[in-house]
Amino acid sequence: MAIRICKANTPGTRTAVLSTFKEITKRTPEKSLIGRMHRRKGRNTNGRITIRHKGGGHKRAYRIIDFKRNKHKVVGKVHSIEYDPNRNARLALLHYDDGEKRYILCPENLSVGARVQSGPDVPVEIGNSLPIANIPLGSFIHNIELTPKKGGQIVRAGGSAARLLAKEGDYATLRLPSKEIRIVHNKCFATIGVVSNRDCSNLVLGKAGRKRWLGIRPTVRGSVMNPCDHPHGGGEGRAPIGRTRPYTPWGKAALGVKTRSKNKYSDIFIIRPRK
């Protein structure tokens, strides 16, 4: 992916850094791989706001992506590389030899015309998916399963990759993009390579309107609210918090408080936490 720095022709482009989209080869998605996506706008089933600052934005269609990569021993040819509004990674549209079409997360350096496949015996090449037990140490992988045959659940964001550090018995040790070191069963599948769109972290929206196009509503500081709306509210002028530490709008301590469950099931798989 390449980025472009906009000229200061308007206030909205003065600081904007946007994608060039040069790697995109097809503008419209595959109709057979589109699903309806109901946007919840931060509401629960009762219609009450449970997640603030969500709503609006451009209409989107959901692309059905093959995270399981369970079509084994059938070669797929990369027909196009496409944009996905629901994630910051690019998608690759595969045309398999038996006529089926599927979307996968596009790795870096995967070009149109390349041939990829999945299975226990496939070669270790970019875009191929195989069990961790058959992947060499030191390889960069993504779209990693946590439970065999469930589909990839971690390392799917643009530009991310995990590194295979060691294998011992039925488990393999991975270093995740967050620097967390974790063990995963070696029957779990993973895809070779780094996820595309590495420069997504360097983008600058440049104006509030582009944030609204993404479906993100404004955030109001608690210190400018009334005392009935936020623990930080009230006072004359620019008053301090008035408490010993910051609090959430619901009165719970914020900033530096651990919120992870003490007896979470995955603690036994984490060798070194991310912090």
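Rules and cut-offs
Residues numbered from 1 in each chain as written. Predicted model: local features only at pLDDT ≥ 70, side-chain atom pairs only at ≥ 80, totals over all residues. Heavy atoms only, no water. Salt bridge = Lys/Arg side-chain N within 4 Å of Asp/Glu carboxyl O. Helix = DSSP H or I, 4+ residues; strand = E, 2+ residues; numbered from the N terminus. Buried < 20%, exposed > 50% of the residue type's maximum accessible area, 1.4 Å probe, protein only. Core = buried A, V, L, I, M, F, W, Y, C linked by side-chain atoms within 4.5 Å. Lys, Arg positive; Asp, Glu negative; His and termini not counted. Polar contact = N/O pair within 3.5 Å; in protein donor to acceptor, adjacent residues only side chain to side chain. Contact = heavy atoms within 4.5 Å.

### Some thoughts on the pattern of salt bridges
- Under the definition given, this model contains 13 salt bridges.
- Between Lys71 and Asp98 there is a salt bridge whose closest N-O contact spans 2.7 Å. Here Asp98 lies in the loop between β6 (91-96) and β7 (101-105) and Lys71 lies in the loop between β4 (62-63) and β5 (76-82), a separation of 27 residues in the sequence.
- Residue classification places Lys71 among the buried residues on the basis of a relative accessible area of 11%.

### A few points about the nonpolar core
- Core analysis: the largest hydrophobic core is formed by 16 residues, its most contacted members being Ile132, Ile135, Ile141, Ile144 and Leu174.
- Counting residues in each nonpolar core, the second largest holds 10 residues, with Val78, Ile104, Cys106 and Val116 among its members.

### Looking at the side chain of Glu145
- Tracing the chain through its elements places Glu145 in strand β11 (residues 144-145).
- One buried charged residue, Glu145, remains without a salt bridge, the closest side chain of opposite sign being Lys68 at 7.7 Å.
- A polar contact is formed between the side chain of Glu145 and the backbone nitrogen of Lys149, at a distance of 3.4 Å.
- Side-chain polar atoms of Glu145 contact the backbone nitrogen of Gly151, separated by 3.1 Å.
- Once residues within four sequence positions are removed from consideration, Glu145 is found in contact with Lys68, Lys150, Gly151, Gly152, Gln153, Val184, Cys188 and Phe189.

### Side note on the environment of Arg260
- With respect to the helices and strands, Arg260 occurs in the loop between α1 (208-213) and β17 (270-272).
- Residue classification places Arg260 among the partly exposed residues on the basis of a relative accessible area of 43%.
- The sequence separation of Arg260 and Arg40 amounts to 220 residues, and the corresponding C-alpha distance is 25 Å.
- Residue contacts for Arg260: discarding those within four places in its chain leaves Ser266, Asp267 and Ile270.

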